[in-house]
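Coordinates in review
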Amino acid sequence: MSSDALFILLVEKDAAYMRLAEDRFYNRFPCIIVTAKGQPDVATRLFLRKMKMELKLPVLALVDSDPYGLKILSVYGCGSKNMSYDSANLTTPDIKWLGIRPSDLDKYKIPEQCRLPMTEQDIKTGKDLLEEDFVKKNPGWVEELSLMVKSKQKAEIQALSTFGFQYLSEVYLPLKLQQQDWL
């Protein structure tokens, strides 16, 4: 297996994946774009790990700024509890959280009407995640998740489209990549 890609971009949402494909984001920033369309299935996790190991490329994740986005990231990074017996073959432990992070909401001036209030269940899930080892071992993740729980706000990737349908591929991701703004 070979590639001229510089990184693998893991995208939570199919709509964001399609936007990046339509904009041919991979031509401006040579990358392999992957999505499982939400919860990571075994095939996508195996494929991601195989590409990571064989191509020796960093994996950057674009997920919603909510506790469930971070949970999805954790399944790729350390596996699911249901399949813990096969974690070694299914995980990408050094996956990086590119966005959307809670601090991005202010940094990129996401309008209030595009931010969503967290439910009590969201807040509980966020607090529970703060107790998980995979979060604790990354101080940046702890800081971001703490900010999310404190602000009680979440946002979906689509919130970026408030600035135009190509904002994700023309502004947000290029800035994040140029600044190497990932955790």
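Read on for an overview of the structure. Worth saying up front: this structure is predicted, and the values here are computed from it rather than measured. (Residues numbered from 1 in each chain as written. Predicted model: local features only at pLDDT ≥ 70, side-chain atom pairs only at ≥ 80, totals over all residues. Heavy atoms only, no water.)

Right, let's talk about the overall build of the chain for a bit. Scanning the chain from N- to C-terminus turns up 10 helices and 6 strands. The globule rule puts the C-alpha radius of gyration for 183 residues at 16 Å, and the 16 Å found for the chain is close to it. Viewed in the frame of its principal axes, the chain has a C-alpha envelope of about 45 × 40 × 25 Å. Expressed as a percentage of the 183 residues in the chain, the buried residues total 53%. Of the contacts formed within the chain by residues at least 6 apart in sequence, a portion of 77% connects residues at least 24 apart. When the accessible surface of the chain is totalled, it reaches about 9,200 Å², and 53% of it is carbon and sulfur. Considering the chain, the positive charge centre built from 25 side chains and the negative charge centre built from 25 side chains are found 2 Å apart. (Helix = DSSP H or I, 4+ residues; strand = E, 2+ residues; numbered from the N terminus. Rg over C-alpha atoms; globule rule 2.2 N^0.38 Å. Buried < 20%, exposed > 50% of the residue type's maximum accessible area, 1.4 Å probe, protein only. Contact = heavy atoms within 4.5 Å. Areas by Shrake-Rupley, 256 points an atom, 1.4 Å probe, with all protein chains shown as cover. Lys, Arg positive; Asp, Glu negative; His and termini not counted. Charge placed at Lys NZ, Arg CZ, Asp CG, Glu CD.)

What the rule picks out here adds up to 1 cavity of 30 Å³ or more. Computed from the structure, the largest cavity encloses a volume of approximately 40 Å³. Lining the largest cavity are L10, V11, E12, A36, G38, V63, I72 and Y76. Listing elements by their share of the lining of the largest cavity, those giving two or more residues are β1 (7-11) and α4 (67-78). Class assignment for the residues of the lining of the largest cavity results in 6 nonpolar, 1 polar and 1 charged. (1 Å grid on protein atoms, 1.4 Å probe; cavity = no way out; pocket = protein on both sides within 12 Å on 5 of 7 lines; lining within 4 Å. Points joined across faces, edges and corners; volume = space filled by probe spheres on them. Nonpolar A, V, L, I, M, F, W, Y, C, P; charged D, E, K, R; others polar.)

The subject of this paragraph is the nonpolar core. I8, L10, I32, L70 and V135 are the most contacted members of the largest nonpolar core, which has 29 residues in total. Breaking this core down by element, the ones donating at least two residues are β1, β2 (31-35), α3 (42-55), β3 (59-62), α4, α7 (120-129), α8 (133-136) and α9 (139-151). Each residue touching I32, except ones within four places of it in the same chain, is listed here: S3, A5, F7, I8, L9, M51, L55 and L57. Residues C31, I33, I100 and Y167 belong to the second largest nonpolar core, which totals 26 residues. (Core = buried A, V, L, I, M, F, W, Y, C linked by side-chain atoms within 4.5 Å.)

This part is about the packing of helix α1 (residues 14-22) against helix α10 (residues 167-178). The N-to-C vectors of α1 and α10 enclose an angle of 95°; their axes lie 9 Å apart at closest approach. By the angle between their axes, α1 is roughly perpendicular relative to α10. When α1 is examined against α10, the residues A16, R19 and L20 are found in contact with a partner set consisting of L168, S169 and L173. (Axes fitted to C-alpha atoms, helices over the stretch in contact; angles between N-to-C directions. Parallel < 35°, antiparallel > 145°, perpendicular 65-115°, else oblique.)

Considering all chains together, one arrives at 5 aromatic pairs under this definition. Both rings, one in Y108 and one in Y172, keep their centres 4.9 Å apart while their planes meet at 65°; by these two values the pair is edge-to-face. With Y108 in the loop between α6 (102-107) and β5 (116-117) and Y172 in helix α10, the pair connects residues that are 64 residues apart, well separated along the chain. Y108 sits in the buried class, given a relative accessible area of 8%. Both rings, one in F134 and one in W141, keep their centres 6.2 Å apart while their planes meet at 80°; by these two values the pair is edge-to-face. Assigned by exposure class, F134 and W141 land together as buried. Through pairs of rings, three or more aromatic residues link up here, namely W97, F134 and W141. (Phe/Tyr/Trp six-rings, centres within 6.5 Å; stacked < 30°, edge-to-face > 60°.)

Structural measurements only, silent on function.
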